[in-house]
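# A look at the structure
What follows is each chain in one-letter form.
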Amino acid sequence: MILSIESSCDDSAIAITDIKTKKLIFHKKISQELEHSVYGGVVPELASRLHAEALPKILEECKPYFKDLKAIAVTTAPGLNVTLVEGVTMAKALCIALDLPLIAVNHLKGHIYSLFIEKETSFPQTVLLVSGGHTQVIEVKSLEEMKMVATTMDDSFGESFDKVSKMMNFAYPGGPVIEKMAREGDEDRYPMPLPLSQSPLIAFSYSGLKNAVRLVTLDAQEKDFPDIAACFQKAAVGHLLQKLKKYFKTNPPKHFSIVGGASANLYLREKIEVLLKPFNATLSLAELKYCSDNAAMIGRVALEMYEKDMFTPVDEVKTEPRTSL
Ligand code: KG4
Ligand code: ZN
């Protein structure tokens, strides 16, 4: 079995995965959403302290499996440095104490492999990764062959939902709040700018849209919030659709997937389904419980890396907060 640790942002999670069967034997996650909610976003130092409390608690439950472990995996990049360090320190200590090799896992690869938890992999895939930290289109051929073909120039898709929620004094994370509120709203009431609509670039940008929402919110009353949420969501998703459509002109999709915390958004899922129809492309999604950060997805990548002996010597492991894929 492999024990995997995730602490790249505000979720402390540990998974134990069976190497032969790929089955998830154990998975537990402690989220810090409530603690960060009052601040409207993740406070790194607070997150770090909460990981230091939560991870040992979860690890305690994993002790019965220690004798069966063959490796320890941990997210080393990308993420918040002070929180990555918590998981990496625990992983190093376990490797030394139990004499096991260490597998350093990239969090974005983890999101991609959330599609294959307890399953075989299926490639190639054109992946839309939408989370709190990333908005990317990635062409994936295998574990080692991943090419990012579009990314955001400023804020990410999920982050823009968090910021709009904060503007209206609603909770963090904003994604689920805004999506729910948007269902009650009129998505045509306020005109919103479609980011980079005149630009030939296949790239994303959410800061202008965020500012447009801020200006509308300044003059609005609480009863207008569902309409604002609906108009914002329409533009935020419309922007993804417009750029994907452009990309598909030269790169028609065959197997498309959406991963990351914001892939839970049903409005986005429905619109992507419609976009894919003319291409007869398949659409894959992770199980809802594995869309947001978790350790099961880190464990799934670790299985592949274990088979390929992709270990890192304990004294060479380092956190790489800014590394992408
Ligand atoms: O993947 P994730 O758990 O953490 C990162 O790696 O960033 O993604 C969390 C992000 C947050 O910004 C959250 O607001 C967003 O995903 N999110 C959503 C929805 N559910 C979560 N955004 C839009 N609609 C949702 N339903
Ligand atoms: Zn994530």
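Look a little higher up for the structure.
Since the model is a prediction, treat every value here as computed from it, not as a measurement.

Here is what the cut-offs are and how they apply
- Residues numbered from 1 in each chain as written.
- Chains lettered and ligands numbered in written order.
- Predicted model: local features only at pLDDT ≥ 70, side-chain atom pairs only at ≥ 80, totals over all residues.
- Heavy atoms only, no water.
- Pairing = 2+ DSSP bridges.
- Helix = DSSP H or I, 4+ residues; strand = E, 2+ residues; numbered from the N terminus.
- Axes fitted to C-alpha atoms, helices over the stretch in contact; angles between N-to-C directions.
- Contact = heavy atoms within 4.5 Å.
- Buried < 20%, exposed > 50% of the residue type's maximum accessible area, 1.4 Å probe, protein only.
- Right-handed = clockwise from strand over helix to strand, strands pointing away.
- Donors = N, O, S within 2.8 Å, 3.2 Å for Na, K, Ca; no water.
- Tetrahedral: all angles 85-135°; square planar, octahedral: opposite > 155°, others 65-115°.
- Phe/Tyr/Trp six-rings, centres within 6.5 Å; stacked < 30°, edge-to-face > 60°.
- Near = heavy atom within 4 Å.
- Polar contact = N/O pair within 3.5 Å; in protein donor to acceptor, adjacent residues only side chain to side chain.
- Areas by Shrake-Rupley, 256 points an atom, 1.4 Å probe, with all protein chains shown as cover.
- Domains from an automatic or database assignment.
- Parallel < 35°, antiparallel > 145°, perpendicular 65-115°, else oblique.
- Left-handed = near helix turned anticlockwise from the far one by under 90°.
- Nonpolar A, V, L, I, M, F, W, Y, C, P; charged D, E, K, R; others polar.
- Expected span 1.5 Å × (residues − 1).

## Overview of the sheet that holds strand 6 (residues 125–130)
Sheet architecture is open: five strands sit in the order 8-7-6-9-10, paired in mixed fashion. The outermost strands of the open sheet, each flanked by one partner alone, are strand 8 (146–150) and strand 10 (282–285). Neighbour to neighbour, the strand axes of the sheet diverge by 25 degrees on average, direction disregarded. Its contacts with the sheet put helix 9 (residues 266–276) on strand 6, strand 9 (255–259) and strand 10, and the angle it makes with strand 10 is roughly 160 degrees.

## Focus on the pairing of strand 9
The buried fraction of strand 9 amounts to four of the five residues, a majority that puts the element mostly inside the structure. Both strand 6 and strand 9 contribute to a ladder of four bridges, which runs parallel. Each residue of the ladder has a partner; that of Thr126, found in strand 9, is Phe256. Both strand 9 and strand 10 contribute to a ladder of four bridges, which runs parallel. Bridge pairing in strand 10 places Ser257 opposite Ser284. One crossover worth recording links strand 9 to the parallel strand 10 by way of helix 9, and it is right-handed.

## Details of the coordination of the zinc ion (ligand 2)
Protein coordination at the zinc ion (ligand 2): the donors are His107 (NE2), His111 (NE2) and Asp293 (OD), at 2.0 to 2.1 Å from the metal. One way to put it: the four donor atoms around the zinc ion (ligand 2) meet at angles of 93 to 142 degrees, and that makes the site irregular.

## Focus on the sheet that holds strand 5 (residues 102–106)
Two pairing modes exist for strands in a sheet, parallel and antiparallel, and in both the strands are linked by backbone hydrogen bonds. A sheet is described by the order of its strands in space; here five strands give the open sequence 3-2-1-4-5, paired in mixed fashion. Of all strands in the sheet, those bounded by a partner on one side alone are strand 3 (24–31) and strand 5. On average, adjacent strands in this sheet sit at an angle of 20 degrees to one another, irrespective of strand direction. As paired strands, strand 2 (residues 11–17) and strand 3 are joined by seven bridges and run antiparallel to one another.

## Some words on the packing of aromatic side chains
Enumeration over the complete set of coordinates arrives at 12 aromatic pairs. Taking 4.9 Å as the distance between ring centres and 55 degrees as the angle between the ring planes, the aromatic pair formed by Phe157 and Phe161 counts as tilted. With a gap of four residues between them, Phe157 and Phe161 both fall in helix 5 (residues 157–167), about one helical turn apart. With 5.7 Å between their ring centres and 85 degrees between their planes, Phe248 and Phe256 make a pair best called edge-to-face. A relative accessible area of 2% means that Phe248 is categorised as buried. Owing to a relative accessible area of 0%, Phe256 belongs among the buried residues under this scheme. Taken together through their ring pairs, the aromatic side chains of Phe157, Phe161, Tyr206 and Phe232 make up a single cluster.

## Some words on the site of ligand 1
Near ligand 1, the surroundings consist of 20 residues, among which Gly132, Asp162, Glu179, Gly261 and Asn265 are the closest. Gly261 is positioned such that a nitrogen or oxygen atom in its backbone is 2.9 Å from an oxygen atom of ligand 1. A distance of 3.0 Å separates an oxygen atom of ligand 1 from a polar atom in the backbone of Asp293. Here ligand 1, which alone exposes 550 Å², has 90% of that area covered by the protein. For the shell around ligand 1, the secondary structure elements donating two or more residues are helix 4 (107–113), helix 5 and helix 6 (174–182). A domain split of the shell around ligand 1 shows at least three residues from each of domain 1 (2–116 + 292–316) and domain 2 (125–285).

## Overview of the packing of helix 7 (residues 207–218) against helix 8 (residues 225–250)
Closest axis-to-axis distance for the helix 7/helix 8 pair is 11 Å, and the angle between their directions is 165 degrees. Compared by their axis directions, helix 7 and helix 8 come out roughly antiparallel. Taken as a pair, helix 7 and helix 8 cross one another with a handedness that is right-handed. For the pair helix 7 and helix 8, the contacting residues are Leu209, Val213, Val216 and Thr217 in the first and Phe225, Ile228, Phe232, Ala235 and Ala236 in the second. The residue makeup of the contact of helix 7 with helix 8, split by class, is eight nonpolar, one polar and no charged.

## Looking at helix 8
In this model, helix 8 (26 residues) spans 39 Å end to end at C-alpha, consistent with the 38 Å of a helix rising 1.5 Å per residue. With 20 of 26 residues buried, helix 8 lies mostly within the body of the structure.

Shape descriptors only; they carry no functional weight alone.
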